[in-house]
Amino acid sequence: MMRWVPLSILLLWGLAALFGSVYAVSANQIDLTKILAPPGMDGLLGFDDLGRPILDRLIVGARTSCMVAVGVVAITATIGTTLGLVAGYRGGLVDLLLVRLIDIFLAFPGILLAIALAGIMGPGLDNLIIALSVVGWVGYARLARAQVLSLRQRDHVAAAVALGSREGVILYRHLLPLIAAPLIVEVTFGMANMVIAEAGLSFLGLGIQPPAASWGSMIRDGASYMLMSPHMVLAPGMAILLVVFALNLLGDRLRDHLDIHLTVQRRW
């Protein structure tokens, strides 16, 4: 039964991101008579400091976090994997340049660099995705490079080279499928990190701007009312907690499932 919990949470997150705007039509509707109203029949999760329903804003915020997580991971995984494949296969100067570039990016804390970039480019969803993408490709490049370095001497790769296959064919047909498993696991953990990063940058005012909803901006708005209306912070905080927990748990299970050594031990 517990194995379906993370999938159920992620399914609800995805459905809220896809169809939330149909349900949450009053996410930005201000009602001064319901300011800081606690959860009740009128609002299952209560209302914020402007009388807006927190449940509706939570659903709209799910779309923001999902767009950022999926968009950033898609960009960073593509760029990082491609660079890692090419550098690991070619070696030499190309590999050395990539390693030095990775060292430069690792010299700065990723979230601080993203904050600096977002501050320079200005707030907004597009700039937020760009800022997180600039610092997020390093992990995929390191993983792909390390995997290719251990696989490029395999017999099937040597046979493909002897048959005159082009480099692109060797990389994406003979090497990429072999490193897909660890990359898939990295994607799940990457999405969890992006959900937290988006919430953090929105909390600082560098993400999506009002009146649009974001889980991070909801926590920022509710921080001043923690003693009077803790539901303003607890609702988006629990949403972040559940989504990140589900993504990390899914990543752990994928890693165990795709690990051939653990699979063989279970069979024996």
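From a predicted model like this one, the values you see are computed outputs, not experimental measurements. (Residues numbered from 1 in each chain as written. Predicted model: local features only at pLDDT ≥ 70, side-chain atom pairs only at ≥ 80, totals over all residues. Heavy atoms only, no water.)

Looking only at helices and strands, the protein chain features eleven helices and zero strands. Going from the N terminus to the C terminus, the protein chain shows its helices and strands as α-α-α-α-α-α-α-α-α-α-α. Considered along the principal axes of its C-alpha atoms, the protein chain spans approximately 75 × 50 × 30 Å. By the burial criterion, 41% of the 268 residues in the protein chain qualify as buried. Counted over contacts in the protein chain with a minimum sequence separation of 6, partners at least 24 positions apart contribute 71%. When the accessible surface of the protein chain is totalled, it reaches about 14,400 Å², and 68% of it is carbon and sulfur. (Helix = DSSP H or I, 4+ residues; strand = E, 2+ residues; numbered from the N terminus. Buried < 20%, exposed > 50% of the residue type's maximum accessible area, 1.4 Å probe, protein only. Contact = heavy atoms within 4.5 Å. Areas by Shrake-Rupley, 256 points an atom, 1.4 Å probe, with all protein chains shown as cover.)

So, about the pattern of salt bridges. In this structure the tally under the stated criterion is eight salt bridges. Between Arg90 and Glu167 there is a salt bridge, and its shortest N-O distance comes to 3.0 Å. Taken together, the residues span a long stretch of sequence, with Arg90 in helix α2 (residues 54–90) and Glu167 in helix α8 (residues 167–203) at a distance of 77 residues. Here Glu167 falls in the partly exposed class, since its relative accessible area comes to 28%. Measuring nitrogen to oxygen at the nearest pair gives 3.7 Å for the salt bridge that ties Arg220 to Asp221. By relative accessible area, Arg220 is classed as partly exposed at 27%. Here the residues in one salt-bridge network are Asp48, Arg52 and Arg57, joined through shared partners. (Salt bridge = Lys/Arg side-chain N within 4 Å of Asp/Glu carboxyl O.)

Let us look at the packing of α2 against helix α6 (residues 138–151). One can describe the packing of α2 onto α6 by two numbers: an axis separation of 7 Å at closest approach and a directional angle of 35 degrees. The interaxial crossing formed by α2 with α6 has right-handed handedness. Together, Val73, Thr76, Ala77, Gly80, Thr81, Gly84, Leu85, Gly88 and Tyr89 of α2 and Tyr140, Ala141, Ala144, Arg145, Val148 and Leu149 of α6 make up the contact between the two elements. Per-class residue counts for the contact of α2 with α6 are nine nonpolar, five polar and one charged. (Axes fitted to C-alpha atoms, helices over the stretch in contact; angles between N-to-C directions. Left-handed = near helix turned anticlockwise from the far one by under 90°. Nonpolar A, V, L, I, M, F, W, Y, C, P; charged D, E, K, R; others polar.)

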